[in-house]
Amino acid sequence: SSSYLESTGTTAFSYGMLKGIELGLLGGEYAPAAQRALAAIIERTDSDGTVRDASGGTPIFDTAEEYKTVVKVPIVYEQGMAMMLYSICGGNAE
């Protein structure tokens with residue numbers, strides 16, 4: 001059984017890869033993965049800027065099934081990470 005889709009990790013990894021490329025810490029071979037992650041976050045961003053599918057907080061569970069019970073809600077740390085991600089795109093998130 002697979003886990004549910006959740007956006008915060010995707011946002012953080014996309015930002016990290018794009019920033020790493022910008023700073024010369026990562027090579028361009030990371031760009032396609034970063035762009036796929038960015039596209040997934042764009043798909044989950046509403047017209048008012050709210051990013052959907054963020055975990056409402058994840059405690060330590062004993063089983064994988066318990067992680068599937070975590071509520072997904074708009075939450076401040078996801079919104080902040082999305083702002084960082086979009087800022088690195090120079091206003092062009094395409």
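Procedures and definitions
Residues numbered from 1 in each chain as written. Predicted model: local features only at pLDDT ≥ 70, side-chain atom pairs only at ≥ 80, totals over all residues. Heavy atoms only, no water. Axes fitted to C-alpha atoms, helices over the stretch in contact; angles between N-to-C directions. Helix = DSSP H or I, 4+ residues; strand = E, 2+ residues; numbered from the N terminus. Parallel < 35°, antiparallel > 145°, perpendicular 65-115°, else oblique. Left-handed = near helix turned anticlockwise from the far one by under 90°. Contact = heavy atoms within 4.5 Å. Nonpolar A, V, L, I, M, F, W, Y, C, P; charged D, E, K, R; others polar. Core = buried A, V, L, I, M, F, W, Y, C linked by side-chain atoms within 4.5 Å. Buried < 20%, exposed > 50% of the residue type's maximum accessible area, 1.4 Å probe, protein only. Salt bridge = Lys/Arg side-chain N within 4 Å of Asp/Glu carboxyl O.

Enquirer: Got a minute to help me understand the packing of helix 1 (residues 8-22) against helix 2 (residues 31-43) in this structure?
Expert: When two helices pack together, their arrangement is given by the angle between their axes and by how far apart the axes lie. Interhelical geometry of helix 1 versus helix 2 gives an angle of 140° and a closest axis separation of 9 Å. Between helix 1 and helix 2, the angle falls in the class oblique. You can see that helix 1 and helix 2 cross each other, and the crossing is left-handed. In contact with T10, T11, S14, M17, L18 and I21 of helix 1, helix 2 contributes A31, A33, A34, Q35, A37, L38, A40 and I41. The residue makeup of the contact of helix 1 with helix 2, split by class, is 10 nonpolar, four polar and no charged.

Enquirer: Before we go on, may I ask you to explain the nonpolar core in this structure?
Expert: Proteins that are soluble and globular tend to have nonpolar side chains buried together. Grouped together as the largest cluster of nonpolar side chains are 10 residues: M17, L18, A34, L38, I41, V51, A82, L85, I88 and C89. Of all elements in the fold, only helix 1, helix 2 and helix 4 (76-88) reach the threshold of two or more residues within this core.

Enquirer: How should the pattern of salt bridges be read in this particular structure?
Expert: One side chain can pair with another of opposite charge once the charged atoms of both are near each other. Inspection of every chain in the model, using the stated rule, returns five salt bridges. As a salt-bridge pair, D53 and K72 come within 3.8 Å of each other at their nearest N and O atoms. Highlighted residues: D53 in the loop between helix 2 and helix 3 (64-67) and K72 in the loop between helix 3 and helix 4, separated in sequence by 19 residues. You can call D53 partly exposed: its relative accessible area is 24%. Accessibility expressed as a relative area gives 36% for K72, which makes it partly exposed. One connected set of salt bridges, linked through shared partners, spans R44, D53 and K72.

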